[in-house]
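One-letter residues, chain by chain:
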Amino acid sequence: MRTTAIAMLCLAAMPLLVACGSDVSGADEGTQEPGLTKKPADSDPGSDNGSGTGAGTDPAATGLAACISQAACDGAGGPSLGDKRAFHKVLNNLLAATGSPNHRGRDQMYTAGDPQWLIGKFTYTSVDSDLKGEDVDIYVERGCGGTWELLGTATTTEDGAHAPVENAEDTGGRVYFQIPKAKELAVGRHRVRMVVGGDLTSTDMLIDVVPKDTPIVISDVDGTLTSGEVAEYGALLQGELPAPQPKAADTLTSLASKGYRPVYLTARPEWLTKRTREFLKKGGFPPGIIVTTSGLTGAIGDSAAQFKITELTRIKNHGAMIAWAFGNQPTDGTAYEAAKIMPADHRVLLQTDDTHGARRIENYGEVLPIVMALPAICK
């Protein structure tokens, strides 16, 4: 797995090295939240009131009827699996026998009534060789309550065989599974596990189903939550996790405790999803949906901005309300402006100026008191 990580790191780092030159070397379950109460906007101690310095309006005015559990969904249990089944293709048997699995699932946030798609990618070896034409069993732990249910079985794709779903291109080795209407997931947080029938290797993903207009908080990861923009790459080579920004976890935890649902939007490559989740857990960040690029190398610069604009549009089209957004690059400010996240000072940029009116902070200690003073939208 270390060899795989190093090989994939080289692929992921290539665009970063081009952009940065030679200086890159520096490189349990949560508790159930009770219902929402509606509070008037003027009860928000951080309300702007025209001064441009406050925290803005109160999203409790959306009138959500209930607050949903923000469980970590990281319990040690799993579904009961049957025996391994023969691979359909001899070459796939050899692939699985000789290479480490690099499977990954794509977290999703849906609003109630949306079609619910489960999307995964199945690869082996240090060069990310796709597993094509094989059975994958799909299990769900509804509400992360410890009971697992088999939803069905899907087949991994050939390149381009399936139309993109939720912005995930079919690069081969993918699973696209739409949950049947009779088995749809209710409002809440759920864990899905996809298991390869031929060797029982697997990958997990989180699915949040929320009411329309649920307030969410968006956060970039690299440089925004980690100690530096390229801290992940050096840490990965050393088999470690990067250090977090001081008080960043306190800030997002405070928002989550008030009912805002975290979405971690990062231009990292898809294969770093598991490490991203490990970093968030170790750093004390609230669990949430992780959204990455769907490719192998990630994105930087204008490509990263366009990726985030596309994903923010998708999230808004699903009916969620983006109430806060955190970043550390001008491209984050560009994406948040394009998404019209308002008020503008709810776009928070770490040590970065923004021509669109985002709030600049030098450290999270500046914004933490504002966030802590916000009224809870759940109590």
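Being a predicted model, the structure only gives us computed values, none of them experimental.

I'd like a rundown of the sheet that holds strand β6 (residues 135-141), residues and numbers included.
Taken in spatial order, the 5 strands make up an open sheet running β2-β10-β9-β6-β7, and their pairing is mixed. The open sheet has two edge strands with one neighbour each: β2 (108-111) and β7 (148-155). The mean inter-strand angle of the sheet, taken between neighbouring strand axes irrespective of direction, is 25°. One ladder, built from 7 bridges, connects β6 with β7; its direction is antiparallel. What sits directly across from glutamate 141, in β7, is tryptophan 148.

Can you break down helix α2 (residues 90-98) residue by residue, with the values?
Those residues of α2 not exposed but buried are Asn92, Leu95 and Ala96. Looking straight down α2, one finds its buried side chains confined to an arc of 90°; they lie on one side. Within α2, the exposed residues directed more than 90 degrees away from the buried face are Val90, Leu91, Ala97 and Thr98. On its buried face, α2 sits against β4 (123-124) and β5 (129-130).

How would you summarise unusual backbone geometry if you had to cite specific residues and measurements?
In this structure, the amide linkage connecting methionine 342 to the following residue, proline 343, adopts the cis form with an omega of -5°. Inspection of the secondary structure puts proline 343 in the loop between α7 (330-338) and β15 (347-350). We note that leucine 200 has phi near 65°; this positive angle belongs to a residue other than glycine. If you trace the backbone, leucine 200 turns up in the loop between β9 (188-196) and β10 (202-210).

Go over the confidence of the model for the protein chain, please, and point to the residues and values.
Chain-level statistics for the protein chain give a pLDDT mean of 86 and a share of 82% at 70 or above. pLDDT under 50 marks residues 14-57. Its contacts with residues more than four places away, or in other chains, come to 97 contacts.

So what about the pattern of salt bridges? Which residues, and what values?
Inspection of the entire model under this criterion finds 29 salt bridges. Put simply, glutamate 270 and arginine 106 hold a salt bridge, and the shortest N to O gap is 2.9 Å. Of this pair, glutamate 270 sits in the loop between β12 (261-265) and α5 (273-282) while arginine 106 sits in the loop between β1 (104-105) and β2, and the two are 164 residues apart along the sequence. A residue is classified by how much of its surface remains accessible, and arginine 106, at 7% relative accessible area, is buried. The salt bridge partner of aspartate 345 is arginine 359, with a shortest N-O separation of 3.2 Å. Here aspartate 345 is found in the loop between α7 and β15, whereas its partner arginine 359 is found in strand β16 (residues 359-361), with 14 residues between them in sequence. Exposure remark for aspartate 345: the relative accessible area of 7% places this residue in the buried category.

Run through empty space enclosed by the protein, naming residues and quoting values.
If a probe as big as a water molecule is rolled over the atoms, it shows which places are left empty. The calculated volume of the largest cavity comes to roughly 60 Å³. Gly105, Arg106, Asp107, Gln108, Glu270, Thr273, Ile290, Val291, Thr292 and Arg314 are the residues that line the largest cavity. When its residues are assigned to classes, the lining of the largest cavity shows 2 nonpolar, 4 polar and 4 charged.

Would you mind going over the packing of aromatic side chains in detail, with residue names and values included?
For the structure shown, the criterion picks out 3 aromatic pairs. Through pairs of rings, three or more aromatic residues link up here, namely Trp324, Phe326 and Tyr364.

Help me get a handle on the environment of isoleucine 216, residues and values and all.
Positionally, isoleucine 216 belongs in strand β11 (residues 215-219). You can call isoleucine 216 buried: its relative accessible area is 0%. Separated by 105 residues in sequence, isoleucine 216 and methionine 321 place their C-alpha atoms 6.1 Å apart. Apart from residues no more than four positions distant in its own chain, isoleucine 216 is found in contact with Met109, Arg261, Val263, Ile315, Ala320, Met321, Ile322, Ala323 and Trp324.

Explain the sheet that holds strand β3 (residues 117-121) to me, using residue names and the numbers behind them.
With antiparallel pairing, 3 strands are arranged side by side in an open sheet as β1-β3-β8. In the strand order of this sheet, the two ends are held by β1 and β8 (174-178), each with one partner. Examined bridge by bridge, β3 and β8 share 5 bridges and lie antiparallel to one another. Each bridged residue has a counterpart across the sheet, and for tryptophan 117 the counterpart in β8 is glutamine 178.

Now, about the state of the cysteines: what can you tell me, with residues and values included?
For the structure on display, the rule yields 1 disulfide. In this model cysteine 73 forms its disulfide with cysteine 144; the gap between the sulfur atoms is 1.8 Å. Residues cysteine 73 and cysteine 144 are joined through a disulfide that is right-handed, its torsion about the S-S bond being 100°. One end of the pair, cysteine 73, is in the loop between α1 (2-20) and α2; the other, cysteine 144, is in the loop between β6 and β7, and 71 residues separate them in sequence. For the pair shown, cysteine 73 and cysteine 144 are each scored as buried.

Residue-level account of the environment of threonine 226, with values.
Turning to its location among the elements, threonine 226 is positioned in the loop between β11 and α3 (231-237). Distance from threonine 226 to proline 246, taken between C-alpha atoms, is 9.2 Å for residues 20 residues apart in sequence. With near-sequence residues (within four places) excluded, threonine 226 lies in contact with Val221, Ala231, Pro242, Ala243, Pro244, Gln245, Arg268 and Phe279.

Rules and cut-offs
- Residues numbered from 1 in each chain as written.
- Predicted model: local features only at pLDDT ≥ 70, side-chain atom pairs only at ≥ 80, totals over all residues.
- Heavy atoms only, no water.
- Pairing = 2+ DSSP bridges.
- Helix = DSSP H or I, 4+ residues; strand = E, 2+ residues; numbered from the N terminus.
- Axes fitted to C-alpha atoms, helices over the stretch in contact; angles between N-to-C directions.
- Buried < 20%, exposed > 50% of the residue type's maximum accessible area, 1.4 Å probe, protein only.
- Arc of directions from axis to C-beta.
- Contact = heavy atoms within 4.5 Å.
- pLDDT = per-residue confidence, 0-100.
- Salt bridge = Lys/Arg side-chain N within 4 Å of Asp/Glu carboxyl O.
- 1 Å grid on protein atoms, 1.4 Å probe; cavity = no way out; pocket = protein on both sides within 12 Å on 5 of 7 lines; lining within 4 Å.
- Points joined across faces, edges and corners; volume = space filled by probe spheres on them.
- Nonpolar A, V, L, I, M, F, W, Y, C, P; charged D, E, K, R; others polar.
- Phe/Tyr/Trp six-rings, centres within 6.5 Å; stacked < 30°, edge-to-face > 60°.
- Disulfide = S-S within 2.5 Å.

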